[in-house]
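# Survey of secondary and tertiary structure
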Amino acid sequence: MTSLAVNVGTLTLRNPILTASGCFGYGLEYDDFYDVAELGGICTKGLSLSPRAGNPPERICETPAGMLNAIGLANVGVEAFCRDKLPVLRQRGVTVVANIFASSVADFVTITERLNRETGVAAIELNVSCPNVTEGGIEFGKDARMCGEVTRAVRVATKLPVWVKMSPEAGNIVAVAKACEEAGADAITAINTIRGMSIDVEQNKLRLANRTGGFSGPALRPIALRIVWEIAGAVSIPVIAIGGISTTRDALEFMAAGATAVQVGTANFADPSAAKRVLDGLRTHCENRHIDAKALIGCARG
Amino acid sequence: MSSPVLPQRRLATLPLLRRESIGGLYHVLTFEDPDGSKALPGQFTMVRGAEWGDAPLLPRPMSYLTAGHAPSILIKVIGEGTLRMGRAEPGEPFTLLGPLGQPWRAPTPGRRAVLVGGGVGIAPLLFLARELAAASGRQPIAIYGGRSSKDLPLDDDLASLSELHVTTEDGTRGTRGRVTDVLSDLLGPDHEVFTCGPDRMMAKVAELCAARDVPCEASLETPMACGYGVCLGCPVPITEGGYLYACTQGPCVDARRVDWSRADHAPKKGAAHPLRTKP
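Attention in this report is confined to the structure presented alongside it.

Quick notes on the rules
Residues numbered from 1 in each chain as written. Chains lettered and ligands numbered in written order. Predicted model: local features only at pLDDT ≥ 70, side-chain atom pairs only at ≥ 80, totals over all residues. Helix = DSSP H or I, 4+ residues; strand = E, 2+ residues; numbered from the N terminus. Rg over C-alpha atoms; globule rule 2.2 N^0.38 Å. Buried ≥ 20, exposed ≤ 12 C-beta atoms within 10 Å, placed from the backbone. Contact = placed C-beta atoms within 7 Å. Core = buried A, V, L, I, M, F, W, Y, C linked by C-beta atoms within 7 Å. Axes fitted to C-alpha atoms, helices over the stretch in contact; angles between N-to-C directions. Parallel < 35°, antiparallel > 145°, perpendicular 65-115°, else oblique. Left-handed = near helix turned anticlockwise from the far one by under 90°. Nonpolar A, V, L, I, M, F, W, Y, C, P; charged D, E, K, R; others polar. Expected span 1.5 Å × (residues − 1). Arc of directions from axis to C-beta. Pairing = 2+ DSSP bridges.

So, on to the overall build of chain B. Check the secondary structure of chain B and you find five helices and 16 strands. Relative to the 2.2 N^0.38 estimate, which gives 19 Å for 279 residues, the radius of gyration of chain B is 18 Å and therefore close to what a compact globule would have. C-alpha atoms of chain B, sized along the principal axes, occupy 55 × 50 × 45 Å. Of all 279 residues assigned to chain B, the portion counted as buried reaches 51%. Across chain B, every contact between residues at least 6 apart in sequence was considered, and the portion connecting residues at least 24 apart equals 63%.

Structure, rendered in structure tokens:
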């Protein structure tokens, strides 16, 4: 009997397959498809202090083997999440990673303190890398000092594990990851989307109202893999990989590069069962080889 | 009004049963569904070729034209995804996620249904017209328009199910002009309008109905990545402020809820905002 469990710091996940923030709602949209409690965990839509309506349309467009989104962190706010969503997730035994977003260090701390009052939050993931909002977001994530400051403030404010989601647009992403590690992060999530753009040349119009949007999907995978490899080689805390993971093979590739767990994102859109499919394939892979999932971590590193 | 109980959604891989080229850029794709689709009129499905690989990446939102064991959709070839659909051969597998979204609201007893459609917007209206015919109520009025006679797919089907008025902007079929010209002439106080087509058309229809206090239900079309409420890519501005999401709160909505002045009037899907460097 193989074990799929992996440890992310002090947190043990039942398996290394999670779903990515912004690509899985609040985990309550999947009742018709499968039991999301089977997953290693779900990362919620980014939660802010107050509800946000998000950007005007158009918010999304397709690109070759990928897509752009400029949702603008539309979400119900941390209070409504704790009141309406979390109790259901908790009752179902879902491993919940609360992804949070703020435009100031103080607000990051306030959201964290609100989550501290709840049971059923397994970890907090700091979104310091959203490319689609005008303040906060990516500005924190690009700068090692600022990113470390946010991480430290949240670290001090909670006993929950703290994950920090990296922006691929940081000049030196390894330096940012190290700064987060030094500030007490329990794990690094890499990577968030990269800013992209698309123009309709028939009408000479930008396709997104926000002009730019975060680029995601399979086309992003090699870049994400390279970054995960670099960060995993530079920090001693776990790395959670994200970037175009659609199949079990993709998940294995990222774990081989050093990821402890992976997040399935854009693939959920075309196939609501994508993460479950990745998980089932991973289980088969491990069983056929009589190995535990832990043995996959970093297996391609010399 | 209480919400109807919606059929369970599922992702099914179904073979294409047949593709009928119905002129111009239009095709009807019919799939073979042994379990039968329980879709209600106005609901939609996210359709993607099961063998497309990584591109085109996203499924395409399509209103059901028919449900049951041979669910079908009407497509217009406008991009990479619909181009492949327009070339598909019988047997080719497709994934259909559905039924999704809010169906048309139940027609109000005592009101005569007026179906106002443009182009591929005819699909959910035809589904509704067949339901109305099956319920053996009074035949609906239909007003169906396009730029020219080539832009009226499935007009014969609609003619057999309704008192049909056709308009074309170039006058090559029916009345020269727009559907709203005809609607303005015949809209009565005991009517109830169901509309699907370009935003600009539906905005005008909604305006006419609101001015005469006639109920109007609109089926919204926007780009979508998921179709089931998680990508948040399909916001439609509403009068109370903020947005509704066309996938779960629509596509069929009370037209009065939509802030048509802020709704995207793009003539074509995916094209929205002026590039300011270009005059």
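This next bit is on the nonpolar core. Among the nonpolar cores identified, the biggest contains 185 residues, and Ile 124, Ile 188, Ala 190, Val 228, Ala 259 and Val 262 of chain A are the most heavily contacted of them. Aside from chain neighbours lying at most four places away, what touches Ala 190 of chain A is Met 166, Ala 224, Ile 227, Val 228, Ile 231, Val 239, Ala 241 and Ile 242 of chain A.

Residue and element names in this part refer to chain A. At a minimum axis separation of 8 Å, helix 7 (residues 248–256) and helix 9 (residues 274–289) run at an interaxial angle of 65°. In terms of axis orientation, helix 7 runs roughly perpendicular to helix 9. Every pair of crossing elements has a handedness; the one defined by helix 7 and helix 9 is right-handed. Contact residues: Thr 248, Ala 251 and Leu 252 in helix 7; Val 278, Gly 281, Leu 282 and His 285 in helix 9. A class-by-class count of the residues in the contact of helix 7 with helix 9 yields four nonpolar, three polar and no charged.

Take helix 4 (residues 144–157) of chain A next. Residues and elements named next belong to chain A. End to end, helix 4 covers 20 Å across 14 residues, agreeing with the expected 20 Å (1.5 Å per residue, within 8%). Looking at helix 4, one finds that the buried residues are Ala 144, Cys 147, Gly 148, Val 150, Thr 151, Val 154 and Arg 155. Viewed along the axis of helix 4, the buried residues span an arc of 160°, placing them on a single side of the element. Structural note: helix 4 exposes Arg 145 and Val 156 on the side pointing more than 90 degrees away from its buried face.

It is worth spelling out the pairing of strand 1 (residues 10–21) of chain B at this point. Residue and element names in this part refer to chain B. Bridging between strand 1 and strand 6 (residues 93–100) involves six bridges; their strand directions are antiparallel. Within strand 6, the position partnered with Arg 10 by the bridge is Gly 98. Bridging between strand 1 and strand 2 (residues 26–31) involves five bridges; their strand directions are antiparallel. Along strand 2, the bridge assignment pairs Ser 21 with His 27.

Turning to the pairing of strand 9 (residues 163–168) of chain B, a few remarks are in order. All names here are of chain B. Sheet analysis places strand 8 (residues 141–146) next to strand 9, joined by six bridges and oriented parallel. The residue bridging Tyr 144 from the neighbouring strand is Val 166, located in strand 9. As judged from the two bridges shared by strand 9 and strand 10 (residues 175–176), these two strands associate in the parallel manner. In the strand pairing of strand 10, Thr 168 is matched with Arg 176.

Residues and elements named next belong to chain B. Taken in spatial order, the seven strands line up as 10-9-8-7-11-12-15 in an open sheet, and their pairing is mixed. Two strands in the sheet have a free side with no partner beyond their single neighbour: strand 10 and strand 15 (252–254). Across five bridges, the pairing between strand 7 (residues 112–118) and strand 8 is parallel. Looking across to strand 8, one finds that Gly 117 is bridged to Tyr 144. Here helix 2 (residues 122–134) sits on the sheet and contacts strand 7, strand 8, strand 11 (191–196) and strand 12 (216–219); the angle it forms with strand 7, its principal contact strand, is near 155°.

Purely spatial values, then, with no claim about function.
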